[in-house]
Amino acid sequence: MKILTAEQLSEADKRTIERQNITSEELMERAATLVFNEIHNRLNGAPIPIKVFCGIGNNGGDGLVIARHLIQHGYHVTIYVVNYSDKRSDDFLANYEKLKSITNDWPQLIKGEDNFPEINTGDFVIDAMFGIGLNRPIEGWVAKLVGLINDSKAFTLAIDMPSGLFSDKVPGNDAAVIEADFTLSFQAPKLVFFLPETMDYVGDLQILDIGLDREFLAEIKAPIHLIEKVEAASLYKPRKTNSHKGDYGHVLIVGGSYGKIGSVLLTATAALKTGSGLCSLYIPECGYNIVQTGLPEAMVLTDKDSEQLTTYPEDFEADVVCFGMGAGTSQKTVGALEDLLNSVKEPVVIDADGLNILSNNKKLLDLLPKDSVLTPHPGELKRLIGEWQDDFDKLEKAKDFSKKYDVVLVIKGAHSFTIKGDEIYVNNSGNPGMATAGSGDVLSGVITSLLGQSYEPLSAAILGVYLHGRSGDFAASELGYESVLAGDIAQNIGKAVKDLFQSEMKDSERN
Ligand SMILES: NC(=O)C1=CN([C@@H]2O[C@H](COP(=O)(O)OP(=O)(O)OC[C@H]3O[C@@H](n4cnc5c(N)ncnc54)[C@H](O)[C@@H]3O)[C@@H](O)[C@H]2O)[C@@H](O)CC1
Ligand SMILES: [K+]
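Residues numbered from 1 in each chain as written. Chains lettered and ligands numbered in written order. Predicted model: local features only at pLDDT ≥ 70, side-chain atom pairs only at ≥ 80, totals over all residues. Heavy atoms only, no water.

Under the annotation held in an unreviewed UniProt entry, the chain carries the name Bifunctional NAD(P)H-hydrate repair enzyme and is attributed to Christiangramia gaetbulicola. Turning to the chain, the UniProt annotation filed under Subunit (unreviewed entry) states: "Homotetramer." (UniProt positions renumbered as here; feature names shortened; annotations may be inferred.)

This is the structure we're talking about:
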């Protein structure tokens, strides 16, 4: 799904109004009625106090339409107009008028702190103050009202965006932003819903298809995509009936050191579980028995050093090589990576200590084969690309890095970001149970395996990140977040692959 900017969405609104020959008021009615339906489906007539806070632009107009439908369906609704300005939008005014015919309870005007209502924990708050039109931070008494809503701990539903969030920048440190429990957003997700610095304001997210012009949406150039099941499934390459293990790639996992042999075991398990035909490991001698016993399906070669990697087996023929997990950063291991990069011409996967070695020896970056996949977590990324001011700046620096070295970057996080040049792919599978030791080693194994199965590097990274998250979802639905171990993620890869072609998850499997 394309992630669009506020300008692109406003343009889509305009084109829709022209091509569908409707008024903007009709479009607002359509969008806000969809929101009402979602609320009604969930509340099912429950007599809880609903407080709708409306701004005076079109986000406020949405709030008025939602409130009108709620009142007509017998809900206990109080409407507040947050009157930060007298410049009301036309569609706001039209819907303000429409309220007259259905209720005698006129909206309460808030013009300052004296008009603040009491908000109780048990209230249901609808935040329709600001949407994509916010162009400067919320200030003064409106900021205090945002604080009051947040402090109330009432369940808060944000319409289109939590008020105070911008679509194209991170709010300042002390900025007033609604901390929504749920956000219902129109037509396309906005980037800030997925960035570490802003995602917590959004709560659970649902995108409503409000029927904006299909042709325009299909044609519009968007460099940022959200990856969900449909997008992941479109990348998948089915297996041929008439095939053998040689068709699914031979991967070589290079890593491990004394006390950290488990990491390579996890990577190799994940690679085999993702479908690699053959899997070999190149590890220090101390790991030989551990790997041979722990994973009989894998083949093992050992370095002459018993505790660390010192060389790379140059004449070994593998389809793809992965380097780094548990390897340590000793000078001898730096030499091993240098040997590897001097002998391998195909894209490699570099993770963990492999990335730390690159950060400490930046000249090695020039040796990376084109389209290699690097999978840093934020700490490793910082060492690679330097400090950033905020998440938008981070993405710019990451794009520059990807272009400079011609590599695919996978920035790991709650929503992992896969970056190649100017293209960004935001992953939407996974859960907090996956924040556990070895989870990244499993991801490297999945991506390496896909590369070995002839997936293009970018596709291998995007699909690999999605499958890894989805495997974690299956593991968590069975075990609970706290009990998910990295090995459980690897054990569920098969379910994640099968699930690509199954319709929606049952509620019992959802996290
Ligand atoms: N046809 C459309 O354009 C549709 C728009 N929709 C809604 O319209 C919203 C956008 O509406 P608007 O463009 O009217 O903007 P908003 O309602 O988001 O903001 C209201 C106005 O406040 C002013 N403003 C911005 N920052 C401010 C600040 N810090 N303090 C005080 N005033 C400030 C701006 O001039 C803006 O016009 C969307 O988020 C969505 O909710 C939906 O009804 C769907 C259809
Ligand atoms: K809002």
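Moving on, there is more to tell.
Caption draft 1: Structural view of the overall build of the chain. Secondary structure assignment for the chain yields 17 helices and 17 strands. The C-alpha atoms of the chain give 26 Å as radius of gyration, which agrees with the globular expectation for 511 residues (24 Å, within 12%). Summarising its shape, the C-alpha atoms of the chain cover approximately 85 × 45 × 45 Å along the three principal directions. Here the chain holds 511 residues, and 56% of them are scored as buried. Of the contacts made within the chain by residues no fewer than 6 positions apart, 72% connect residues no fewer than 24 positions apart. Carbon and sulfur atoms form 48% of the exposed surface of the chain, whose accessible area is close to 22000 Å². Once the 47 positive and 72 negative side-chain charges of the chain are each reduced to a mean point, those two points are 2 Å apart. (Helix = DSSP H or I, 4+ residues; strand = E, 2+ residues; numbered from the N terminus. Rg over C-alpha atoms; globule rule 2.2 N^0.38 Å. Buried < 20%, exposed > 50% of the residue type's maximum accessible area, 1.4 Å probe, protein only. Contact = heavy atoms within 4.5 Å. Areas by Shrake-Rupley, 256 points an atom, 1.4 Å probe, with all protein chains shown as cover. Lys, Arg positive; Asp, Glu negative; His and termini not counted. Charge placed at Lys NZ, Arg CZ, Asp CG, Glu CD.)

Caption draft 2: The coordination of the potassium ion (ligand 2), seen in detail. All of the protein donors around the potassium ion (ligand 2) are Asn 59 (OD1), Asp 127 (O), Phe 130 (O), Ile 159 (O) and Met 161 (O); their distances to the metal are 2.6 to 3.0 Å. Mapping the donors of the potassium ion (ligand 2) onto the primary sequence yields the spacing N-x67-D-x2-F-x28-I-x1-M. Here Ile 159 lies in strand β5 (residues 155–159) and Asp 127 lies in strand β4 (residues 124–128), a separation of 32 residues in the sequence. Both residues of the pair, Asp 127 and Ile 159, belong to the buried class. (Donors = N, O, S within 2.8 Å, 3.2 Å for Na, K, Ca; no water.)

Caption draft 3: Inspection of helix α1 (residues 6–19) at higher detail. Spanning 14 residues, α1 covers 20 Å between terminal C-alpha atoms, matching the ideal 20 Å at 1.5 Å per step. Elements in contact with the buried residues of α1: β6 (182–186) and α6 (214–219). Two residues or fewer past α1, Asn 21 is found with a positive phi of approximately 50°. (Expected span 1.5 Å × (residues − 1).)

Caption draft 4: Examining the UniProt feature "binding site: AMP" (unreviewed entry) in the chain more closely. According to UniProt, the feature "binding site: AMP" (unreviewed entry) maps to Lys 412, Gly 413, Ala 414, His 415, Ser 416 and Gly 440 in the numbering used here. On the basis of their most widely separated C-alpha atoms, the annotated residues across 29 residues gather in one place, lying no more than 13.5 Å apart. Looking at the secondary structure, you find Lys 412 in the loop between β15 (408–411) and β16 (417–420). Judged by relative accessible area, which is 15%, Lys 412 ranks as buried. Setting aside anything within four residues of it in sequence, one finds Lys 412 in contact with Asp 351, Thr 375, Pro 376, His 377, Pro 378, Gly 440 and Leu 443. Locating Ala 414 in the fold gives a position in the loop between β15 and β16. With relative accessibility at 56%, the residue Ala 414 sits in the exposed group. Contact partners of Ala 414, with chain neighbours within four places excluded, come to Met 199 and Ser 429.

Caption draft 5: Representation of the sheet that holds strand β7 (residues 204–208). With parallel pairing, 7 strands are arranged side by side in an open sheet as β3-β2-β1-β4-β5-β6-β7. Of all the strands in the sheet, the pair left with one neighbour each is β3 (108–110) and β7. Sheet twist, expressed as the mean angle between neighbouring strand axes with direction ignored, is 20°. Here helix α5 (residues 140–152) sits on the sheet and contacts β1 (49–54), β2 (76–82), β3, β4 and β5; the angle it forms with β2, its principal contact strand, is near 150°. (Pairing = 2+ DSSP bridges. Axes fitted to C-alpha atoms, helices over the stretch in contact; angles between N-to-C directions.)

Caption draft 6: Layout of the pattern of salt bridges. The full count for this structure, using the stated rule, is 22 salt bridges. Between Arg 15 and Glu 11 there is a salt bridge whose closest N-O contact spans 3.4 Å. Of the two residues, Arg 15 and Glu 11 both sit in helix α1, 4 residues apart, roughly one turn of that helix. Judged by its relative accessible area of 24%, Arg 15 falls in the partly exposed class. Measuring nitrogen to oxygen at the nearest pair gives 3.2 Å for the salt bridge that ties Glu 396 to Lys 399. With Glu 396 and Lys 399 both in helix α13 (residues 391–405), this residue pair falls 3 residues apart, about one helical turn. Of the residues examined, Glu 396 reaches a relative accessible area of 42% and is grouped as partly exposed. By relative accessible area, Lys 399 is classed as buried at 12%. Among the charged side chains, a salt-bridge network with shared partners connects Lys 229, Arg 470, Asp 473 and Asp 499. (Salt bridge = Lys/Arg side-chain N within 4 Å of Asp/Glu carboxyl O.)

Caption draft 7: Structural context of the site of ligand 1. Neighbouring ligand 1 are 20 residues; Asp 13, Asn 58, Asp 62, Gly 131 and Asp 160 lie closest to it. At 2.8 Å from a nitrogen atom of ligand 1 is found a main-chain nitrogen or oxygen belonging to Arg 136. Pro 137 places a main-chain nitrogen or oxygen 3.1 Å from a nitrogen atom of ligand 1. Because more than half of its atoms lie within 2 Å of the grid, ligand 1 is assigned to the second largest pocket. When contributions to the shell around ligand 1 are tallied by element, the ones reaching two or more residues are α2 (24–43) and α3 (58–72). Here the residues of the shell around ligand 1 are counted per class, giving 10 nonpolar, 6 polar and 4 charged. (Near = heavy atom within 4 Å. Polar contact = N/O pair within 3.5 Å; in protein donor to acceptor, adjacent residues only side chain to side chain. 1 Å grid on protein atoms, 1.4 Å probe; cavity = no way out; pocket = protein on both sides within 12 Å on 5 of 7 lines; lining within 4 Å. Sits in = over half its atoms within 2 Å of the grid points. Nonpolar A, V, L, I, M, F, W, Y, C, P; charged D, E, K, R; others polar.)

Caption draft 8: Quick look at the UniProt feature "binding site: K(+)" (unreviewed entry) in the chain. According to UniProt, the "binding site: K(+)" (unreviewed entry) feature falls on Asn 59, Asp 127 and Ser 163. A maximum C-alpha distance of 9.4 Å is found for the annotated residues, which run over 105 residues; spatially they form one tight group. Considered against the second largest pocket, the annotated residues that line it turn out to be Asn 59. When near neighbours in sequence (up to four residues on either side) are disregarded, Asp 127 contacts Phe 53, Asn 59, Thr 156, Leu 157, Ala 158, Ile 159, Met 161, Pro 162, Ser 163 and Ile 178. Not counting residues up to four positions away in its chain, the partners in contact with Ser 163 are Asp 127, Met 129, Phe 130, Ile 138, Ala 176, Val 177 and Ile 178. At a separation of 2.9 Å, a polar atom in the side chain of Ser 163 contacts the main-chain amide nitrogen of Phe 130.

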